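For reference, the chains in residue letters:
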Amino acid sequence: MKNIGVKIIMVSLIFLGINGYSQKKAKQSFDVKRNEVYIDSMMTNALEKGFFPGAQIIVGTGDSNLIVKNYGYHDYTKKQLVKSDDVFDLASMSKVLGATLVTMRLVGDGKIKLTDQVGEIVPFYKNTAISDLTLFELLTHTSGLTPSITFYQALLSTPDNSPFLSNQKSEQYVEPFDNMYVNKNIVYNSKYLVFEPKENWVQIYKNMWLNLEFYSSVYERIAKANTNPRGKYLYSDLNLLLVKQMIETKTGKKLDQFTNEIYTELGVSKIGYNPLKWTSIENVMPTEVDNFFRKDTITGYVHDEAAAIFGGVSGNAGLFANAESIAVICKMLMNYGNYKGKQILKANVVKEFTDSPLSKEGIYRGLGFDKRKPDEFFTKDDFGHTGFTGTFFFMNRNTNRFLIILTNRVNPTRTNRLMYKDDFSAKIWRQINKY
């Protein structure tokens, strides 16, 4: 009884805090015209200089959207304007808007704990070097796991064992990929990859199906990937691959089933994995011209190769969304899990995940959420995430602001890093928190 009383007091204090915030926030004004002029000029410059073909942007508060705009085209042919219903490949924003949201729900429901260890939950890892890594370490990127593994390259080979890529263009290395050129003699491993539908194989691209037997080699490589000091911050896609495995093994439910339940509760429909199952290809922004693995302009399938291997549903990437759907999630998170009077996630869990539990060690990361060491663009209270494809969303409860910028800067190639060299998204984030 005593514990219950303490919990009631704690929850009451959190909600009093939220009410205090909203009263304070209501007094702060936002100069819509001034900010819109700034954003328009930033976008005009970005489109002229080829930072990306197209973009969606929303600036909002915990209660409403203040600026909602679309810019540019689907690609550089300029045939199709960006519309509000168009969805973008979110890349690593999926880490937060997918696996992390689901983990928050499960932690709040007492179905999983941050102290749970990988090997305790996923039998495959029981007697491996990573068996005692905790969910907390995975979410804060302090596991020591290497940043990434190019699993898909194990599906490829060349007849003469020559390298897949070369930094010099030649008769053998013709097509560009990233800042390299692709070997024209690459062949696919027919034991694991076929180009016609096959029963019980996983579709990983529109014309590619993967043998389930391939996954054991993937998990073996993850189990040996703790090559860096544990307890130090090192961002790794592998962390969220393991979070997904822990979620699915513990509950017996698939990650996309969980996310769809949360999105349905929030009333958003333009967000999810494998977008061609719920929207038309005309409403999906194209990403890279992939001359290496999929030999195609990727549209409607995940850009990230690791997520592709898992059939487009992964902990590290895979989500597609429009800005309006993400704006609803921002409002819910800014209001400690509450959206339109409905408690979607527990308030204390949202607070725990969006704080910086390791700041005393100089690690400003949240649980799943990206947080930054304070600088000219970010404060200690900002939280959100970015994505490799050119996506960005951040929130701050003190200023009562959130910003979503969705672009497809990897179209036609990932070598285009102009928006990063310009601090494009960070500049807009700084601006909207000023005025």
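Residues numbered from 1 in each chain as written. Predicted model: local features only at pLDDT ≥ 70, side-chain atom pairs only at ≥ 80, totals over all residues. Heavy atoms only, no water.

J.: A description of the overall build of the protein chain should follow, citing residues and the corresponding values.
T.: Regarding its fold elements, the protein chain presents 13 helices and 20 strands. Taking 2.2 N^0.38 as the reference for a compact globule, 435 residues should give roughly 22 Å; the C-alpha atoms of the protein chain span a radius of gyration of 22 Å, in line with that estimate. Considering only C-alpha atoms, the protein chain reaches an extent of 70 × 55 × 40 Å along its principal axes. Within the protein chain, the fraction of its 435 residues that count as buried is 54%. Sequence separation of at least 24 residues holds for 64% of the intrachain contacts in the protein chain that already meet a minimum separation of 6. When the accessible surface of the protein chain is totalled, it reaches about 19000 Å², and 51% of it is carbon and sulfur. Placing the 54 positive and 44 negative side-chain charges of the protein chain at their respective mean positions leaves the two points 5 Å apart. (Helix = DSSP H or I, 4+ residues; strand = E, 2+ residues; numbered from the N terminus. Rg over C-alpha atoms; globule rule 2.2 N^0.38 Å. Buried < 20%, exposed > 50% of the residue type's maximum accessible area, 1.4 Å probe, protein only. Contact = heavy atoms within 4.5 Å. Areas by Shrake-Rupley, 256 points an atom, 1.4 Å probe, with all protein chains shown as cover. Lys, Arg positive; Asp, Glu negative; His and termini not counted. Charge placed at Lys NZ, Arg CZ, Asp CG, Glu CD.)

J.: Lay out the pairing of strand β7 (residues 180-183) with the relevant residues and their values.
T.: The pairing of strand β5 (residues 165-166) with β7 spans two bridges and is antiparallel. Bridge pairing links S166 to Y181 in β7. Relative to β7, strand β6 (residues 173-177) runs antiparallel, the two being bridged by four bridges. The residue of β7 that forms the bridge with F177 is M180. Between β6 and β7, which pair antiparallel in sequence order, lie two residues; one of them, D178, sits at a positive phi of approximately 55°. (Pairing = 2+ DSSP bridges.)

J.: Any chance you could break down the packing of aromatic side chains for me, citing the residues and the numbers?
T.: Tallied over the entire structure, the rule returns 20 aromatic pairs. Where Y152 meets F292, the ring centres are 5.7 Å apart and the plane angle is 70°; that geometry is what we call edge-to-face. Here Y152 is found in the loop between α5 (135-139) and β4 (156-157), whereas its partner F292 is found in the loop between β13 (289-290) and β14 (296-297), with 140 residues between them in sequence. On the basis of relative accessibility, which here comes to 0%, the residue F292 falls in the buried class. (Phe/Tyr/Trp six-rings, centres within 6.5 Å; stacked < 30°, edge-to-face > 60°.)

J.: Report on helix α8 (residues 255-266), specifying residues and quantitative values.
T.: In a regular helix each residue adds 1.5 Å, so twelve residues correspond to 16 Å; α8 covers 17 Å between its end C-alpha atoms and thus fits that length. The elements touched by buried residues of α8 are α3 (94-108), α7 (237-251), β12 (271-273), β15 (319-321), α10 (323-334) and β16 (338-339). Within two residues after α8, G267 carries a phi angle of roughly 75°, on the positive side. (Expected span 1.5 Å × (residues − 1).)

J.: Can you explain the environment of I298? Please cite residues and give values.
T.: With respect to the helices, strands and loops of the structure, I298 is situated in the loop between β14 and α9 (305-309). Residues I298 and E288, spaced ten residues apart in sequence, show a C-alpha to C-alpha distance of 5.7 Å. In this view, I298 contacts Y205, P286, T287, E288, D290 and H303; residues no more than four positions away in its chain are not counted.

J.: So what about the packing of α3 against α8? Which residues, and what values?
T.: The contact between α3 and α8 brings their axes to 9 Å, and the two run at 80°. Taken together, the axis directions place α3 and α8 in an arrangement best described as roughly perpendicular. Side by side, α3 and α8 meet where L97, G98, A99, L101, V102, R105 and L106 of the first sit next to L255, F258, T259, I262, Y263 and E265 of the second. Tallied by class, the residues present in the contact of α3 with α8 amount to nine nonpolar, two polar and two charged. (Axes fitted to C-alpha atoms, helices over the stretch in contact; angles between N-to-C directions. Parallel < 35°, antiparallel > 145°, perpendicular 65-115°, else oblique. Nonpolar A, V, L, I, M, F, W, Y, C, P; charged D, E, K, R; others polar.)

Keep in mind these numbers describe shape, not what the thing actually does.
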